[in-house]
Every structure is written in C-alpha cells, then in structure tokens.
Amino acid sequence: MTKLDKYFPLWSKILFATLCITIVTSLAAGELARRFEYNYLTNNLTSQIQQTFNILSATTIDSLITEDIPLLETIMLQISSNYPDIEFFAIYNELQTVLVTWGALPAEDSLQHQVFQQPVIFGGETFGYMKIAVSTARLQADITKHVNLIRLLIALILLCLALAISLFLHSSVLKPIANINKRLLHLSQLNHTDEQIILVSTNELDRLNESVDLIQAFTHKQKQREQQLHAAKEQAINANTTKSTFLATMSHEIRNPMHAILGALSLIDKSEMNTEQQHFIDTSLKSAHILLGLLNNILDMSKIEAGKLQLEHRPFNIQEILQGVTSVLEPLAHKKHIILNHASNIDAPLWLLGDDNRLTQILINLANNAIKFTQQGQVNVMMNVVKESNYTQVCFTIKDSGIGISEHKLSHIFDDFVQSDSSFSREYGGSGLGLAISKQLITLMKGTITVTSQLNKGSEFRVKLKLENTMAPVTEQPASPTQVVREGPPPHLLLVEDNKANQFITKTILQRAGYTVDVAGNGLLAIAACENQHYQLILMDLQMPEMDGFDATKGIRQMSNININTPIIAMTANATTEDRENTLAVGMNDFLMKPASEDQLMKKIHHWLN
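Every chain begins its residue count from 1, and numbering advances along the sequence as written. Given that the model is predicted, a residue must reach a pLDDT of at least 70 before its local features are reported, and side-chain atom pairs must reach 80 or more before they are shown or counted; all residues, however, enter totals for whole chains, interfaces and linings. Excluded from the side-chain calculation are hydrogens and water; included are all heavy atoms of the structure.

1. Brief notes about the overall build of the protein
This is how it is decided: Counting from the N terminus, the helices are the DSSP runs of H or I reaching at least four residues and the strands are the DSSP runs of E reaching at least two. The contact rule is simple, with two residues in contact once any of their heavy atoms fall within 4.5 Å. A 1.4 Å probe and the Shrake-Rupley method give the accessible areas. Residues count as covered only by the protein chains that appear here.
Scanning the protein from N- to C-terminus turns up 15 helices and 16 strands. In the protein, the share of contacts with a sequence separation of at least 24, taken over all contacts with a separation of at least 6, comes to 69%. Surface exposure of the protein reaches about 35,600 Å², of which carbon and sulfur atoms provide 57%.

2. With respect to the pairing of strand 14 (residues 537–540)
Successive residues of a regular strand alternate their side chains across the two faces of the sheet. Condition: The rule is simple: take the accessible area with a 1.4 Å probe, protein chains only, and divide by the maximum for that residue type; under 20% is buried, over 50% is exposed, in between is partly exposed. When DSSP finds two or more bridges between a pair of strands, those strands are recorded as paired. Seen with the strands pointing away from the viewer, any crossover whose path from the first strand over the helix to the second strand runs clockwise is right-handed.
On strand 14, burial covers both faces: Leu 537 and Leu 539 on one face and Ile 538 and Met 540 on the other are all buried. Pairing between strand 12 (residues 492–496) and strand 14: four bridges, direction parallel. Bridge pairing in strand 14 places Leu 494 opposite Ile 538. Pairing between strand 14 and strand 15 (residues 568–572): three bridges, direction parallel. Bridge pairing in strand 15 places Leu 539 opposite Ile 569. At this point the chain moves from strand 14, through helix 13 (residues 549–556), to the parallel strand 15, and the crossover so formed is right-handed.

3. Let's talk about the pairing of strand 8 (residues 378–387)
In this sheet, strand 8 lies alongside strand 6 (residues 339–344) in parallel orientation, the contact comprising six bridges. For His 342, the partnering residue across the bridge sits in strand 8 and is Val 381. Pairing analysis gives nine bridges linking strand 8 to strand 9 (residues 391–400), with the strands arranged antiparallel. By the bridge assignment for strand 9, Val 379 is matched with Asp 400. Remark: three residues form the turn of the hairpin made by strand 8 and strand 9, two consecutive strands paired antiparallel.

4. Topic: the confidence of the model for the protein
Rules: Each residue carries a pLDDT value, the predictor's own confidence for that position, ranging from 0 to 100.
When pLDDT is averaged across the protein, the result is 80; 85% of the residues are at 70 or more. Counted against residues more than four places away or in other chains, residues 420–429, with its pLDDT under 50, gives 15 contacts. Low pLDDT (under 50) marks residues 478–485, which in the prediction has two contacts with non-local residues, meaning those over four places away or in another chain.

5. Comments concerning the sheet that holds strand 2 (residues 98–103)
Condition: Every axis corresponds to a line fitted to the C-alpha atoms, with the helix fit spanning only the stretch in contact, and the corresponding angles, defined between N-to-C directions, vary from 0 to 180 degrees.
The strand order 2-1-4-3 describes an open sheet built from four strands, whose pairing is antiparallel. For this open sheet the edge positions go to strand 2 and strand 3 (113–122), each flanked by a neighbour on one side alone. If you compare each strand with its neighbour and ignore which way they point, the axes differ by 10 degrees on average. Strand direction decides the pairing type here: strand 1 (residues 86–93) and strand 2, joined by five bridges, are antiparallel.

6. Side note on the pattern of salt bridges
Definition in use: One side-chain nitrogen of Lys or Arg within 4 Å of one carboxyl oxygen of Asp or Glu is enough to make a salt bridge.
Summed over the entire model, instances satisfying the criterion amount to seven salt bridges. Between Glu 598 and Lys 270 there is a salt bridge, and its shortest N-O distance comes to 2.6 Å. Taken together, the residues span a long stretch of sequence, with Glu 598 in helix 15 (residues 598–609) and Lys 270 in the loop between helix 5 (204–269) and helix 6 (275–306) at a distance of 328 residues. We note a salt bridge from Lys 604 to Asp 590, for which the minimum N-O separation is 3.0 Å. Residue Lys 604 is located in helix 15, and its partner Asp 590 is located in strand 16 (residues 590–593); the two are separated by 14 residues in the primary sequence.

7. Here's the deal with helix 11 (residues 500–512)
So the rule is basically this: Take the residue count of a helix, subtract one, and multiply by 1.5 Å to get its expected span. Polar contacts, as used here, are pairs of N or O atoms within 3.5 Å; protein pairs need one atom able to donate a hydrogen and one able to accept it. Residues neighboring in sequence count only if both atoms are side-chain atoms.
The end-to-end C-alpha distance of helix 11, which contains 13 residues, comes to 18 Å, matching closely the 18 Å that a straight helix rising 1.5 Å per residue would cover. Within the span of helix 11, buried status applies to Asn 502, Gln 503, Ile 505, Thr 506, Thr 508, Ile 509 and Leu 510. In this structure Asn 499 caps helix 11, since a side-chain oxygen of it lies 3.0 Å from the backbone nitrogen of Ala 501.

8. Considering the sheet that holds strand 16
The strands making up a sheet associate through hydrogen bonds between their backbones, and the pairing can be parallel or antiparallel. The five strands are arranged 13-12-14-15-16 in an open sheet whose pairing can be described as parallel. Pairing within the sheet leaves two strands with one partner each, and these edge strands are strand 13 (516–520) and strand 16. Here the strands of the sheet are splayed against their neighbours by 20 degrees on average, with no regard to which way each runs. As paired strands, strand 12 and strand 13 are joined by five bridges and run parallel to one another.

9. Regarding the packing of helix 12 (residues 523–532) against helix 13
When two helices pack together, their arrangement is given by the angle between the helix axes and the distance between those axes. Stated precisely, the cut-off is as follows: Geometric relationships in this document are graded by angle, where less than 35 degrees denotes roughly parallel, more than 145 denotes roughly antiparallel, 65 to 115 denotes roughly perpendicular, and other angles denote oblique. Here is the rule for handedness: rotate from the far helix to the near one, and if that takes an anticlockwise turn smaller than a right angle the crossing is left-handed, while a clockwise turn gives right-handed. Throughout, the ten residues Ala, Val, Leu, Ile, Met, Phe, Trp, Tyr, Cys and Pro are labelled nonpolar, Asp, Glu, Lys and Arg are labelled charged, and all others, Gly among them, are labelled polar.
One way to put it is that helix 12 packs onto helix 13 with a least axis distance of 8 Å and a crossing angle of 20 degrees. By the criterion of interaxial angle, the relationship of helix 12 to helix 13 is roughly parallel. At the point where helix 12 passes helix 13, the crossing takes the right-handed sense. For the pair helix 12 and helix 13, the contacting residues are Gly 523, Ile 527 and Cys 530 in the first and Asp 551, Ala 552, Gly 555 and Ile 556 in the second. A per-class count over the contact of helix 12 with helix 13 returns four nonpolar, two polar and one charged.

Put into structure tokens, the structure is as follows:
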C-alpha cells in the first residue's frame with residue numbers, strides 16, 4: 001500500500017478520506033437517529049395502546065360481564081376501523097376463553113408487529129382479557145425515510161465542509177507545496193542540463209521529498225565542485241607563485257652575470273683597440289643589450305599577467321619624451337640610412353601627470369619596430385595634443401614606409417610572441433613581445449592603440465591617451481659631477497657583493513673613478529666592516545649567503561654602529577616592486593637595478609655623496 005501511495009496525489013487522498021468520513025459519519029448518525037426515533041415512537045405507541053385499553057375496559061366491562069357477543073363484535077369493528085395498524089384483536093373472559101376475535105395473530109418472531117395484552121379489571125376483580133397485535137411496518141418505513149433524510153443532510157453538510165477544507169488546503173498548502181516543488185525541480189534541472197528529470201511520484205509531498213533529494217544531491221555535487229575549484233585555485237596560486245619565484249630567481253641569476261658582462265665590455269670599450277677588436281666589442285655590447293631587453297620584456301609581461309605592474313603618477317614634460325625617443329633611436333636610423341622625423345603641434349613645454357618611463361618604453365617599442373621593418377624611406381613620430389581645463393588629449397602617430405602588415409595578420413599583431421610573419425623573426429630578430437607589452441601598458445593607462453597598414457607601403461600606429469594636467473615641479477639644479485671639487489682623501493666606499501665577477505668589475509669601475517673601495521662577501525662581513533670603518537657610501541647587494549642585504553642594513557642602522565647615517569644604495573638583480581619597497585622599509589636610501597651601466601652607477605654615487 002505504501003508503494004501505491006506515491007502514485008496518488010495528495011488531493012485525491014484528502015478526497016478519499018473525506019468520502020470515508022462522510023459515509024461512516026452519515027451511517028452512524030442515521031443509526032443513532034433510527035434508534036432514537038424507534039424508541040421514541042415505540043413508547044408513543046405503547047402509551048396510545050394503553051390509553052386504548054383503558055377506554056375499551058370502561059366501555060366493554062358490562063358486555064364482558066354479560067358476555068354480550070354482538071355488542072363486543074360491534075365495538076371490535078369500530079376499533080379496527082379507527083386504527084388501521086391493528087391487525088389482530090381478541091377479547092377473552094376471565095377463564096381466557098375467546099369471546100370475540102378479529103384478524104390473525106402474527107407469529108411470535110415477527111419483527112414488524114407488537115402484541116399487547118391487558119386484563120379488564122373493575123373493582124379490583126378481573127373479568128376478562130384483551131389482546132391487540134399492531135403492525136409496525138408503517139412506523140418503520142417512516143423511521144427509515146427520516147433516517148435517510150438525516151443521512152443525506154449530514155452527507156451534504158460534510159461534503160460542503162470537505163469541499164471548503166479542500167479549497168483551503170489547495171490554496172494554503174498544496175499550491176505552495178507545488179510551487180516549492182516546481183522551483184526545487186527547476187534548480188535541480190539546472191544541474192542536469194544534459195538530461196530531463198522525471199519525478200516518479202504524483203503525490204505532492206513525495207514529489208517535494210524527491211526534489212529535496214535532488215537538491216541535496218546537487219548540493220553535494222556543488223560542494224565537490226567547490227572543493228575541486230578550491231584545489232584548482234590553490235594549484236593555480238601555487239603555480240603562479242612558483243612562476244613568480246622562478247622568474248625572480250632567473251632574473252637574479254641572469255642579471256648578475258649580465259652586470260659583470262656589460263661592465264667588463266664597458267671597461268674594454270674605453271681601452272685602445274684596433275678596428276677588428278672594436279667591432280667585436282660593439283657586437284658583444286649590442287647582443288648583451290638585446291638579451292637584457294628580452295629579459296625586461298619577459299618580466300614586464302609576467303608582472304602584467306599577475307596584476308602586479310603599477311604605474312607611476314608623477315609630473316613630466318611630454319615634449320622631452322618625444323625628443324628623448326627620437327634622440328635614442330637616431331643612431332639606429334642613421335645606421336640604416338633612414339630619415340627619422342619628429343613633430344608636435346606645440347612648442348612650449350607641457351607638463352602632465354603619468355608614468356613617463358612606461359610611455360617612453362611604449363614609444364621606443366613602436367618607433368624601434370618602425371625602423372627595424374623599414375629598409376628605405378623615413379619614419380615619422382608625431383604628437384598632437386588638445387589641452388582642456390583639467391586633462392590633455394594626447395595622440396602619438398608612428399608612421400613608416402616599411403614592409404607593412406597583411407590584413408589577416410592585423411587582428412593578432414598585439415598577441416604575445418606574434419610577428420606579422422614567422423620569417424621576420426629570422427630576418428629582423430625580436431621576440432614578438434614589444435607590441436603585446438605596449439598594448440597592455442596602454443590599456444593600464446586607460447588609452448587605446450590602433451594600427452593601419454598595407455603590404456609594401458608601410459604601417460601607421462596611433463596611440464591615444466588622456467593625461468591629467470599639472471604644473472612644472474620646482475627642483476633645485478643639481479651640481480654636475482664635474483662641478484664637484486673634492487678636497488682631502490678620496491671617498492671611502494663599501495661594496496657588499498657575493499658574486500666574485502661583480503666584485504671585480506664594480507670595484508675596478510669605482511677605483512678608476514678615484515674611490516677607495518672595501519669589499520664584503522656577505523651581510524655578516526658588511527656589519528663587521530661597518531663597526532670598524534666609517535664609509536661615505538655603501539653599495540648593498542640583497543641576495544647573499546649567511547646574511548642577506550636586508551638584515552645587514554638593519555644591523556648597520558643600529559644606534560651603536562658608526563655608519564648608522566651612511567647612505568646605502570641597494571644594488572641588486574631582483575626586479576620586483578616588493579624588493580624596491582622592502583629596501584626603503586629597512587633603511588636603505590636608494591635602489592639600483594643590475595645590470596647597471598657605469599654612467600648610472602656614477603650618477604647614483606655622485607648624487608648621494610654631494
């Protein structure tokens with residue numbers, strides 16, 4: 001029965017229960033009414049018969065004493081005609097001898113008759129008996145009719161009540177349950193998009209239970225998915241951390257030898273050489289700078305992907321940006337016999353807020369590509385500005401007369417490691433990261449870059465930026481190194497560096513510049529040196545064995561150390577923003593990225609010594 005229950009809806013069960021209650025109640029009420037009315041009418045009949053006996057006793061006493069049979073028969077006929085339910089009537093003398101009789105005496109076990117017998121008494125003496133048999137068929141028919149009417153009335157009342165209860169249950173219970181079930185089924189269906197969910201039960205509560213089971217299964221699967229996503233997220237974070245660690249480590253490990261290579265080549269370049277040797281040195285320097293540029297591009301792309309690249313927000317003269325880009329690339333264009341032009345619609349300096357280094361990087365990337373892919377003709381770098389009250393609209397246009405880009409390659413030109421043709425990387429060189437990085441940087445600046453090109457006719461890149469206006473900063477004119485007059489012994493510097501090649505190259509550069517240099521191979525040796533000797537400036541590497549540059553700086557900045565106020569310049573191959581911030585946090589004064597050129601190193605030293 002329980003298995004069959006789920007195939008019947010709840011409303012049908014309520015209706016069935018109501019019908020059963022109606023039938024049982026009406027039957028019970030009818031039976032109670034029958035018994036009550038039967039008893040009531042039977043008592044009534046008995047009372048009437050008793051009154052009839054009393055009347056007959058008074059009227060027949062004389063005839064009974066004299067045994068006047070004709071008179072008794074006349075009385076009997078009158079009684080039977082007045083009471084049609086009487087089926088038998090007999091009068092007996094005191095010896096119970098029948099004097100007169102009318103009708104037939106029914107059987108003793110008849111259920112539709114009642115027999116009454118009473119003596120005729122006068123003055124305390126019995127003179128005879130009377131017996132009457134009354135039919136109860138009409139009485140029982142009336143009772144049955146009344147009972148049926150009662151049953152019908154009760155059934156109608158109960159059915160109306162059941163209908164009202166059903167309507168109430170439908171609106172207050174069944175309909176909300178159906179809506180809940182529908183919503184739960186819809187939620188379950190969202191998790192089973194590839195299959196149609198069919199509920200077996202037609203019972204609303206069973207269907208609701210099935211839907212809840214589906215939701216529970218869905219929740220379980222959802223938790224499993226969340227756990228999988230959490231695990232995947234952790235893996236992605238770990239992979240990204242591993243990637244960042246790998247890039248930081250590789251940057252450090254590559255920049256350290258690059259510092260020694262570039263320093264050594266720079267020192268050799270200043271010595272006397274023949275033409276062939278000079279060509280070797282120039283080629284080596286060019287290759288080293290290309291390798292360094294590729295490393296910087298990879299690090300920039302990694303920072304952009306990780307969302308860790310932060311733009312500066314400082315004043316700069318945009319005219320100087322335009323002139324600086326063309327002056328840097330002028331030797332390259334001259335070497336290829338290409339005319340490099342620059343033009344602007346303004347002549348006066350224009351100071352704006354932004355990241356001048358990244359803007360320079362973008363323009364050098366675009367102009368360098370234009371020169372690289374142009375064999376003859378010219379490259380034009382043009383700037384058009386529209387100054388408003390608070391902002392200035394800046395548009396840079398880099399146009400060349402080079403090989404151009406095919407139309408179907410234009411949509412992918414800003415993708416990572418993409419060039420307009422794979423053969424170009426062999427003929428012209430390059431990693432294909434310059435345009436991708438430029439695009440990302442321009443997006444970070446909330447600008448746009450577009451390109452139009454025709455094969456064998458040239459390309460035109462257009463960069464649009466909206467930069468905030470500002471006033472020219474008031475700065476003191478720094479004294480140039482040639483203006484600094486030193487008196488007394490040369491400044492005493494401490495070089496803290498664990499790499500032997502870098503120790504040798506940097507110490508040689510500093511000694512040739514006229515400085516006295518001590519070398520410490522790690523942080524512990526640096527602290528020990530600073531406790532015994534006062535230095536005018538300290539060059540501090542960050543990653544070293546036994547004690548790194550951060551802890552060494554903390555030790556030097558202790559109150560007991562005589563070099564507590566000595567300027568410390570972080571000179572490291574670590575290229576992350578966090579490293580720059582951490583150097584300042586522990587008490588260093590400046591930051592110099594390896595590989596650093598001799599000019600960069602001298603400028604930093606002159607700045608802090610003067």
